[in-house]
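Notes for the structure review
For reference, the chains in residue letters:
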Amino acid sequence: NDNINEMYLDAKNNLWISLNNGICRTEVSSAFTYFNRNNGVHGGVSSICRYNGKLYIATTQGAFYLQSGLNYDYEKFNFNSEKFVPVNNITSDCNRFFPFEDGLLVSADDGIYLIQDETGKKIFDGLFETILRSRKYPEKVYLAKGTGISAMTYNNGKWIEEILLPELIKRALE
């Protein structure tokens, strides 16, 4: 269908568009490239992010990254120089990415994952939708959960989750 979930303009002036049934790369000054199941895009795409030189997509079937190089699928007669490859250990419905110094965070329907070196590690359980960094406290990240709002703080290489009480929600916007 025609549903556009998110758009991202990368450093090479490519416009990446996440769609319900694939992802589209448009070179603003030329034609566009459309990625779908044949190129490794599985599920509806909800978020796009470039982190440490790699392009990542969050979909309803997991998180994926764009791998360059020549690929040929003999069964589908598909020749392509780029393909999306699954991030190891993440197969649940993913929602949003959040770049952080120690890795790429992604919110998912079963938890928060930290992606490092093409592998995801679940750091918190739960249904998470959106991630937002505090403007006042850069080590703190606010999380929209299915059960309310919480926060997590990065301290000495570890993430610590904090439950926010209703009177503290106002501070989350700082």
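Quantities reported herein were computed from a predicted structural model and do not represent experimental measurements.

**So, the sheet that holds strand β10 (residues 103-108)**
Judged by pairing direction, the sheet is antiparallel, and its 4 strands sit side by side in the order β9-β10-β11-β12 without closing on themselves. Whereas interior strands pair on both sides, the edge strands pair on one side only; in this sheet they are β9 (94-100) and β12 (119-125). Each neighbouring strand pair of the sheet contributes to a mean axis angle of 25°, computed without reference to strand direction. Two strands pair when backbone bridges link them, and strand β11 (residues 111-116) and β12 are joined in this way by 6 bridges, in the antiparallel orientation.

**Points about the pairing of strand β1 (residues 4-9)**
When a strand is regular, its side chains alternate between the sheet's two faces. Sheet topology places β1 next to strand β2 (residues 14-19); 5 bridges connect them, and they run antiparallel. In the strand pairing of β2, Met7 is matched with Ile17. The hairpin turn running from β1 into β2, its antiparallel successor, is 4 residues long, and Asn13 in that turn takes a positive phi close to 65°.

**Details of the packing of aromatic side chains**
Taken as a whole, this structure holds 8 aromatic pairs when the rule is applied. Taking the centre distance of 6.3 Å and the plane angle of 55° together, the rings of Tyr56 and Tyr65 count as tilted. As far as burial versus exposure is concerned, Tyr56 and Tyr65 are alike and both buried. A network of ring pairs unites the aromatic residues Phe98, Phe100, Tyr154 and Trp159 as a single cluster. A cation over an aromatic ring shows up here: Lys54 above the ring of Tyr65, its NZ or CZ 4.8 Å from the ring centre.

**Describing the confidence of the model for the chain**
With 82% of its residues at a pLDDT of at least 70, the chain reaches an overall mean of 83. Of all the helices and strands in the chain, helix α1 (residues 169-172) carries the lowest mean pLDDT, 54, while strand β6 (residues 54-59) carries the highest, 95.

**Quick look at the pairing of β9**
The element β9 is largely enclosed, with a buried count of 5 among its 7 residues. Where β9 and β10 come together, 5 bridges link them in antiparallel fashion. Bridge pairing in β10 places Phe97 opposite Val106. Once β9 ends, the chain turns through 2 residues before running back antiparallel as β10.

Rules of the game
Note that residues are indexed from 1 along each chain, following the sequence as it is written. Per-residue local features are limited, in this predicted model, to residues with pLDDT of at least 70; the limit for side-chain atom pairs, both in listing and counting, is 80 or more; totals at the level of whole chains, interfaces and linings are taken over all residues. With hydrogens and water stripped out, all remaining heavy atoms of the structure feed into the side-chain values. Any two strands are treated as partners once DSSP identifies two or more bridges connecting them. Secondary structure elements follow DSSP: runs of H or I of four or more residues count as helices, runs of E of two or more count as strands, with numbering from the N terminus. Only the stretch in contact is used when a helix axis is fitted, and all axes are lines through C-alpha atoms; the angle between N-to-C directions ranges over 0 to 180 degrees. Working definition: a ring pair exists when centres of Phe, Tyr or Trp rings (six-membered ring for Trp) sit within 6.5 Å. Plane angles under 30 degrees give stacked, over 60 give edge-to-face, the rest tilted. Each residue gets one of three labels from its accessible area relative to the maximum for its type: buried under 20%, exposed over 50%, partly exposed in between, using a 1.4 Å probe on protein chains only. Any Lys NZ or Arg CZ that is within 6 Å of a ring centre and within 35 degrees of that ring's normal is treated as a charge sitting over the ring. Across the chain, each position has a pLDDT score giving the predictor's confidence in that residue, from 0 to 100.

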